[in-house]
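Structure assessment
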Amino acid sequence: MTFTPTAYDPYDFANRRHIGPSPVEMEEMLKVVGAASVDALIDETVPASIRQSIPLGWAPLSEQDLLARMRRVAGRNKVLTSLIGQGYYGTVTPPVIQRNILENPAWYTAYTPYQPEIAQGRLEALLNYQTMVADLTGMDIANASLLDEATAAAEAMTMAERVAKSKAKAFFVDENCHPQTIEVIKTRAMPLGIQVMVGAPETLVAEQVFGAIFQYPGTWGHVSDLTSVIAALHAAKAVAVVATDLLALTMLKEPGAMGADITIGSSQRFGVPMGYGGPHAAFFACKDEHKRNMPGRIVGVSIDAHGNKAYRLALQTREQHIRREKATSNVCTAQALLAVMASFYAVFHGPVGLRAIAERVHSLTVRLAKALRDAGATLPPKAFFDTITVEVGVGQAGILAAARAEGLNFRKVGKDHVGISLDETSDEDVLRRVLRAFGIADAPPASAELGFPEEMLRSSDYLTHPVFHMNRAESEMMRYMRRLSDRDLALDRAMIPLGSCTMKLNAAAEMMPITWPEFGALHPFVPADQALGYREAIEDLTAKLCEITGYEAFSMQPNSGAQGEYAGLLTILAYHRARGEHERKVCLIPVSAHGTNPASAQMAGMEVVVVKSMPNGDVDLEDFREKAAAAGDKLAACMITYPSTHGVFEETVKEVCQITHDHGGQVYIDGANMNALVGLVKPGEIGGDVSHLNLHKTFAIPHGGGGPGMGPIGVRAHLAPYLPGHPETGGEEGPVSAAPYGSASILLISWAYCLMMGGEGLTQATRVAILNANYIASRLKGKYPILFMGNKGRVAHECILDTRPFAEFGVTVDDIAKRLIDNGFHAPTMSWPVAGTLMVEPTESETKAEIDRFITALLAIRAEIDAVERGEISAEDSPLRHAPHTVNDLVADWDRKYSREQGCFPPGAFRVDKYWPPVGRVDNVWGDRNLTCTCPPVESYLEAAE
């Protein structure tokens, strides 16, 4: 007998960990699909004319090798104590939050809570966040977070223009705002024709502007009461925006008490690491009268089918402002995971704890200021909270060097000042080191002295809701987090087959480095030689994404897909302007495009021209040709998604690109469906000039319950000079995000994914994603109409199930989606890109067993629809209409026309590990008519229980 060593490699991450079906299972699936091999299936699915000729070239790393490399790279970063401030601060992430939220897949693998019945836990946490923000800012209502402080300020400017009764066309920006905020506002204002006036608040002429934004406290530390300047704005029918700091507001008079209309800022210092720029949750709050103009997602309180309290996204039908070319914003991503962390930080500390932290930070700052003044230094801020600016004259370089020798980073301000911001992590040792950098030996003793006038001390209560006063024993905190996560359905429980959202494996090894202090503790504006590890990671990820896409350059700045679209279109417009073609403003967009496409074009100041679709979902080539010709020398760009939003590889994509180029336009290829392209097709080789990549889809960054995300843009060489710049790193164009590399820390996840998969593994992932989708389509064909297929009867990585025929019998797409919850599944994407349909994307990570369970569930639902069609039961009486079923339904009196077994344990559902939704079907209409977006009083919980 000859010994034969095994060929099995347990460290093969791509094929043994990331890709779901085994080789044997793939063979079984291919038989169902009717393809001889995966290669044959790909040949039938992806047009040969667009296939790349050179395979992706790098070898994979094992998980152990990856973590060893990450350790080496992390070691190249120098972690000094950051006192730079400027919107980013050291903070302490309570270990109970780090382990049970940030590092817990029940929280980070969840999807956006569009299906509220299976998202009650994170919706409650986000409602806590909204309550926290509204309380601390003194505003009536807050949203569930935006991308970062600077983009929130830009959103506030455009909202101010919408709601202001002033007819002025200018917007005033306080020179005390953070520099990155000022520049992002300018970027947003330019294509919209808004004049930005930057100056000192005392120079503001209220009648000249529709709104103004002030930083409180200011970027250099100044604290001043804004009541009078806000009153002047109101007298001129203009809108007042205040950019503020949540920790400072536990001590300082709140913006709402000064009359502010809108407040924005970052919740980063509430337990979220700096991470070289992100991700962090920006907050946005406003007066009640403006709530229907507020961008972003808003969590509201409604009732379920039994009249019990239930949470859901309020005003959801607007989503909430993306109305194609009539959009007011393109925001479709929150920073849910980071907002959840910040909300739990407030729950963990409560109002007393937060005030104690603020007082300690302020006391240290007062002592620092006194020591410097006693030594003869000049400090421009007369009133301050945690930040001071020191005049150092020609000694600036020496002071900065002395600080670095003490392990500290000060902020370089102009040529003769330095800024120092203390934070939660500052202590006596930090204070002594700061003073030593100035040659001062001793710190003055602590006192009850304030660094700002006593009349600015906050007098109002905040965080009065019982959730912020719960017992703070760690056991209670841990159990509260567990109770909330148990209410939700995330990838750690079941497949989430969302078309166009690619909910794939987020491997533990990919996630681990983001919590290492060498990556998490870096301020985004540290000197370049302190971030060499980040530089290596970003440069290598850039090189790999260039190889994958066929583009020559990337900007990592956009921190969402929609922001990537916006940045890409600005890049195209800058290219046209540089060529003297200022009139090029027309953007051709197919009717089937993502809603963010026309919204982004509108924000970029473009004129959107909609192109028809053919009955099979393809772009109508003749209509496209006619509209491109009609635009002529005004054509700026076209925006297409490839494969199409209908899940098909269109044969005419190269022709669409060529027509656009023939008329002098640029081609924007939306990267939402890149999971069907990697290793097979390069957008830059088929005619694309720019694309954004949803790293939170194709490249394994988890969705986090609705964020974070990253949307970097790749461009051909001729567009590279026009990519977004940044005041900290240079560049000709303005920034689109607060930090130079957006949410830099989560770029590590995508880099780790690429390193462990290798070029061959990434290509195999694409092939299996296409196999899994075609397997589902083949199994369901005949039971559910498959709406769009390619010329050879194949779908790409997703397929659309047409449920519209069932409406004839009273069964809706909502009924099917909610019934899937009883089977233990998140519903596919509903009613997009075609109303009344379900778009299914299994991804490559799902095993055959899980896919079969999903198919079993859909077939059982089809059988229930058949029973309605045959007249055996009405739609109203069927389990479809009563879904989802809760434990209360199971144990309550049962008078329904189907059994408890059928209702609560349908085929596909686990029996032992069954997921039980905590509420019945949520009433969205009731919630919008009775809008409540902060934690309801305790009495309402008692009423709901009764």
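Structural notes, computed from the coordinates. These numbers were taken from a predicted model, which means no experiment stands behind them.

A count of helices and strands for the protein chain gives 29 helices and 25 strands. Expected size for 946 residues packed as a compact globule is a radius of gyration near 30 Å; at 28 Å, the protein chain falls within 12% of this value. Across its three principal axes, the protein chain shows a C-alpha extent of roughly 85 × 75 × 70 Å. Per-residue burial over the protein chain gives 65% buried out of 946 residues. Carbon and sulfur atoms make up 51% of the accessible area of the protein chain, which totals about 32,500 Å². Side-chain charges of the protein chain comprise 86 positive and 110 negative groups, with the mean position of each set lying 0 Å from the other.

This next bit is on the pairing of strand β5 (residues 209–216). Counted residue by residue, β5 has eight buried out of eight residues, so it is predominantly covered. Pairing between strand β3 (residues 170–174) and β5: four bridges, direction parallel. Across the sheet, Phe171 pairs through a bridge with Gly211, a residue of β5. The pairing of β5 with strand β6 (residues 239–245) spans six bridges and is classified as parallel. Bridge pairing in β6 places Tyr216 opposite Thr244. You can see the chain leave β5, run along helix α10 (residues 227–235) and come back into β6, and the turn it takes is right-handed.

For helix α21 (residues 653–662), the set of buried residues is Val653, Val656, Cys657, Ile659 and Thr660. Seen end-on, α21 carries its buried residues on one side only, within an arc spanning 160°. Those residues of α21 hidden inside the fold are in contact with α20 (621–631), β18 (635–641) and β19 (666–670). Gly664, located one to two residues past α21, shows a positive phi value of around 85°.

By volume, the second largest pocket is sized at about 880 Å³. Around the second largest pocket, the lining is made up of 38 residues, and of these Tyr276, Glu728, Thr729, Pro740 and Tyr741 lie nearest the centre. At five residues, helix α17 (residues 532–549) tops the list of elements feeding residues into the lining of the second largest pocket.

Glancing now at the pairing of strand β8 (residues 282–286). A large share of β8 lies buried, amounting to five of its five residues. On β8, burial covers both faces: Ala282, Phe284 and Cys286 on one face and Phe283 and Ala285 on the other are all buried. Note: strand β2 (residues 141–142) against β8, two bridges, orientation antiparallel. By the bridge assignment, Ala142 is partnered in β8 with Ala285. The pairing of strand β7 (residues 262–266) with β8 spans five bridges and is classified as antiparallel. Pairing of Thr263 across the sheet is with Ala285, part of β8.

Scanning the entire structure with this criterion turns up 19 aromatic pairs. Aromatic side chains Phe699 and Tyr753 sit 6.3 Å apart centroid to centroid with 85° between the ring planes, which places their arrangement in the edge-to-face category. On the criterion of sequence distance, the pair formed by Phe699 in the loop between β20 (690–692) and β21 (713–715) and Tyr753 in helix α22 (residues 747–780) is long-range, its members being 54 residues apart. Assessed through its relative accessible area of 1%, Phe699 is described here as buried. Note on Tyr753: relative accessible area 2%, which makes it buried. An aromatic cluster is present here, built from Tyr276, Trp516, Phe519, Tyr534 and Tyr741 joined pairwise through their rings. Sitting over the ring of Phe905, Arg911 keeps its end group 4.6 Å from the ring centre. Above the face of the Phe905 ring, Lys914 is positioned so that its terminal group lies 5.9 Å from the ring centre.

Here we take up the sheet that holds strand β24 (residues 837–840). The strand order β22-β24-β23 describes an open sheet built from three strands, whose pairing is antiparallel. Looking at strand neighbours, the two that pair on one side only are β22 (799–802) and β23 (829–830), the edges of this open sheet. Bridge analysis of β23 against β24 gives two bridges, and the strand direction is antiparallel. Along β24, the bridge assignment pairs Thr829 with Met839.

With antiparallel pairing, three strands are arranged side by side in an open sheet as β10-β9-β25. Each edge of the open sheet is held by one strand with a lone partner, namely β10 (309–313) and β25 (922–923). Across five bridges, strand β9 (residues 299–304) lies against β10 in antiparallel orientation. Bridge assignment links Val299 to a residue of β10, and that residue is Leu313.

Attention now moves to helix α11 (residues 336–374). In an α-helix, one turn spans 3.6 residues, which is why side chains three or four residues apart end up on the same side. Taking 1.5 Å per residue, 39 residues should reach 57 Å; α11 reaches only 46 Å between its end C-alpha atoms and comes up short. In the structure, α11 departs most strongly from a straight axis at Gly350, where the bend amounts to approximately 95° and where the proline Pro351 lies between one and four residues downstream. Burial analysis of α11 places 30 of its 39 residues in the buried class, the great majority of the element. Immediately beyond the C-terminal end of α11, within one or two residues, lies Gly376, with a positive phi of roughly 100°.

Here we come to the side chain of Thr763. Checked against the element boundaries, Thr763 lands in helix α22. Judged by relative accessible area, Thr763 falls into the buried class, the value being 14%.

Let us now look at the pattern of salt bridges. Counting across every chain of the model gives 49 salt bridges. A salt bridge links Glu476 to Arg483; the nearest nitrogen and oxygen atoms lie 3.9 Å apart. When salt bridges that share partners are traced, they join Glu28, Arg779, Lys848 and Asp852 into one network.

The next point concerns the nonpolar core. Of all hydrophobic cores here, the largest spans 231 residues; its most connected members are Met132, Phe344, Phe410, Ile420, Phe438 and Phe699. Per-element tally for this core: the top contributor is α11, with 21 residues. Beyond its immediate stretch of four places on either side in the chain, Ile420 contacts Leu83, Leu368, Asp386, Thr387, Ile388, Val390, Phe410, Val434 and Phe438. Judged by nonpolar contacts, the second largest core, of 33 residues, contains Ala160, Phe171, Phe284 and Val331.

Two elements in contact, helix α9 (residues 179–192) and helix α18 (residues 561–578), have axes whose closest approach is 12 Å; the angle formed by their N-to-C orientations is 60°. Taken as a pair, α9 and α18 cross one another with a handedness that is left-handed. From α9, Thr187, Arg188, Met190 and Pro191 reach across to α18, where they touch Tyr566, Leu570 and Arg577. When its residues are assigned to classes, the contact of α9 with α18 shows four nonpolar, one polar and two charged.

If you walk through the whole model with that rule in mind, you get twelve cavities of 30 Å³ or more. Looking at the largest cavity, its volume works out to about 160 Å³. Lining the largest cavity are 17 residues, and of these Gly87, Tyr89, His178, Thr244 and Asp245 lie nearest its centre. Of all the secondary structure elements, the ones that give two or more residues to the lining of the largest cavity are β5 and β6. Here the lining of the largest cavity is built from residues that sort into four nonpolar, nine polar and four charged.

Once that is clear, we can look at the side chain of Ser878. Counting through the fold element by element, Ser878 comes out in the loop between α24 (848–869) and α25 (879–882). For Ser878, a relative accessible area of 1% puts it in the buried group. Excluding residues that lie within four positions of it along the chain, Ser878 makes contacts with Val868, Ile873 and Tyr898.

On to the environment of Tyr345, then. With respect to the secondary-structure elements, Tyr345 resides in helix α11. In sequence terms Tyr345 and Phe270 are 75 residues apart; their C-alpha atoms lie 5.9 Å from each other. Setting aside residues up to four positions removed in sequence, Tyr345 forms contacts with Thr91, Val92, Pro94, Ile97, Arg269, Phe270, Gly271, Leu354, Ile357 and Glu424.

This paragraph deals with the packing of α20 against α21. One way to put it is that α20 packs onto α21 with a least axis distance of 10 Å and a crossing angle of 10°. What the angle tells us is that α20 and α21 run roughly parallel. Between α20, through Leu621, Phe624, Arg625 and Ala628, and α21, the contact on the second element is made entirely by Glu655, Val656, Ile659 and Thr660.

Definitions and limits used
Residues numbered from 1 in each chain as written. Predicted model: local features only at pLDDT ≥ 70, side-chain atom pairs only at ≥ 80, totals over all residues. Heavy atoms only, no water. Helix = DSSP H or I, 4+ residues; strand = E, 2+ residues; numbered from the N terminus. Rg over C-alpha atoms; globule rule 2.2 N^0.38 Å. Buried < 20%, exposed > 50% of the residue type's maximum accessible area, 1.4 Å probe, protein only. Areas by Shrake-Rupley, 256 points an atom, 1.4 Å probe, with all protein chains shown as cover. Lys, Arg positive; Asp, Glu negative; His and termini not counted. Charge placed at Lys NZ, Arg CZ, Asp CG, Glu CD. Pairing = 2+ DSSP bridges. Right-handed = clockwise from strand over helix to strand, strands pointing away. Arc of directions from axis to C-beta. Contact = heavy atoms within 4.5 Å. 1 Å grid on protein atoms, 1.4 Å probe; cavity = no way out; pocket = protein on both sides within 12 Å on 5 of 7 lines; lining within 4 Å. Points joined across faces, edges and corners; volume = space filled by probe spheres on them. Phe/Tyr/Trp six-rings, centres within 6.5 Å; stacked < 30°, edge-to-face > 60°. Lys NZ or Arg CZ within 6 Å of the ring centre and 35° of its normal. Expected span 1.5 Å × (residues − 1). Bend = angle between axes of the 7 residues up to and from the residue. Salt bridge = Lys/Arg side-chain N within 4 Å of Asp/Glu carboxyl O. Core = buried A, V, L, I, M, F, W, Y, C linked by side-chain atoms within 4.5 Å. Axes fitted to C-alpha atoms, helices over the stretch in contact; angles between N-to-C directions. Left-handed = near helix turned anticlockwise from the far one by under 90°. Nonpolar A, V, L, I, M, F, W, Y, C, P; charged D, E, K, R; others polar. Parallel < 35°, antiparallel > 145°, perpendicular 65-115°, else oblique.

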